[in-house]
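# Secondary and tertiary structure notes
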Amino acid sequence: MPSSWGKIFKVSTFGESHGEAVGVVVEGVPAGIPIRLDEIQKDLNRRRPGQSKLTTPRDESDTVRVLSGVFEGKTIGSPIALIVNNQNTISKDYENLRETFRPSHADYTYQTKYGFRAHVGGGRSSVRETIARVAAGAIARMILEDDLGVKTVAWVDTIGTISSEIAENKYPQTREEVDVNEVRCPDIQAADKMRSLILQMKEAGDSVGGIIRSASYNLPPGLGDPVYDKLDGDIAKAILSIPACKGFEVGSGFSGTLLTGSTHNDEFYVEEGSGRVRTRTNNSGGLQGGISNGETLVVRAAFKPTSTIFKKQNTVNIDGKETTLEAKGRHDPCVLPRAVPIVEAAINLVLVDAYLYQRAMNPQWFQKWAKVPDYYRDLKL
């Protein structure tokens, strides 16, 4: 079962929803880089269950521990191991799923592929696995911010049929702007409607989906490669591997099909003062030919309604017989508010890997575009 990602910044995750713990091993991080544990914990707090009435009531602190790879607050070049213990599992709530498949969940496909599965909490297919990605993504975020000034900010764009009205020149610049409410939508009026809809779904034992939009600022040109290692292709794979994610767009996405070439093309110009090549529009979403062009990277990710609901549904059991199911346990009526930091982490993992690869391949590019933080200068070689 593949559980690893990356060429240089390599991430390997482990653990199941109701196992002892979930965690991640990160390789390829240069020595001497400060690791701010409180920032990793902050990212995990944004993802954790039980943080509001809009999320699953499963109450987990998701406290992270560093097992290796860090000494006196800095990386030492060896693999970094991060672990979070599972503390609030109620496995008996899943006993009725031992031989019954939840509609639209991974139960049937997992059982068919492997012939055996952990039916409690969804096992490896649970969104709880994303704790590991968010923890590793926090390290990636720190490197990107410190070395390049790159900041990735995601937010809830739509819930069901309710859309935010956030213009491109009004995209949130910080995560604090996103976290002004529990929906994580900076459009306050839309957020109020989204919150009401989610609570209605929760009361009805149903669920609702939506779309997350993300913007990565200050991304330098030159990251990514043509053909099989396109930056947008890698980001798409990372985001679509998030549980419940069913769609991906970059830049204009599907709406770009409604335009003509003359209206969709991003014309170049030279920015006065900096001399940088810029584009007057950003329909490309910061990527051209699979390589970053220096503009803001803009992507959208579509999430389906949570599969596990509390309404009676028709299904089949492990013996291939038709039956009905009434799910138990604790589940999100909408995954979007907790998925925001997961989307950010997925993007940051791809960007940091592309950055470290480009830095190794072309040192002159690194000297031109990186800020070269003080901790590199302080290393005693």
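Our subject is the structure that appears above.
For clarity, every value in this text was computed on a predicted model and none was experimentally measured. (Residues numbered from 1 in each chain as written. Predicted model: local features only at pLDDT ≥ 70, side-chain atom pairs only at ≥ 80, totals over all residues. Heavy atoms only, no water.)

Moving on, we come to the pattern of salt bridges. Pairing between side chains of opposite charge can happen when their charged atoms approach one another. A full pass over the atoms with the stated rule returns 24 salt bridges. Its salt-bridge partner being R36, residue D146 comes within 3.4 Å of it at the nearest N-O pair. One end of the pair, D146, is in helix 3 (residues 130-148); the other, R36, is in the loop between strand 3 (21-27) and helix 1 (37-47), and 110 residues separate them in sequence. The buried category is assigned to D146, whose relative accessible area is 19%. One salt bridge in this structure joins D62 and R47, with 3.5 Å as the shortest N-O distance. Taken as a pair, D62 in the loop between helix 1 and strand 4 (64-68) and R47 in helix 1 lie far apart in primary sequence, 15 residues in all. (Salt bridge = Lys/Arg side-chain N within 4 Å of Asp/Glu carboxyl O. Helix = DSSP H or I, 4+ residues; strand = E, 2+ residues; numbered from the N terminus. Buried < 20%, exposed > 50% of the residue type's maximum accessible area, 1.4 Å probe, protein only.)

Quick look at unusual backbone geometry now. Its identity as a non-glycine residue notwithstanding, R184 has a phi of 65°, on the positive side. Within the secondary structure, R184 sits in the loop between helix 4 (175-178) and helix 5 (188-204). Looking at R184, the relative accessible area reads 6%, which means it is buried. Backbone geometry places A244, a non-glycine residue, at a positive phi of 80°. By the secondary structure assignment, A244 is in the loop between helix 6 (231-240) and strand 11 (245-250).

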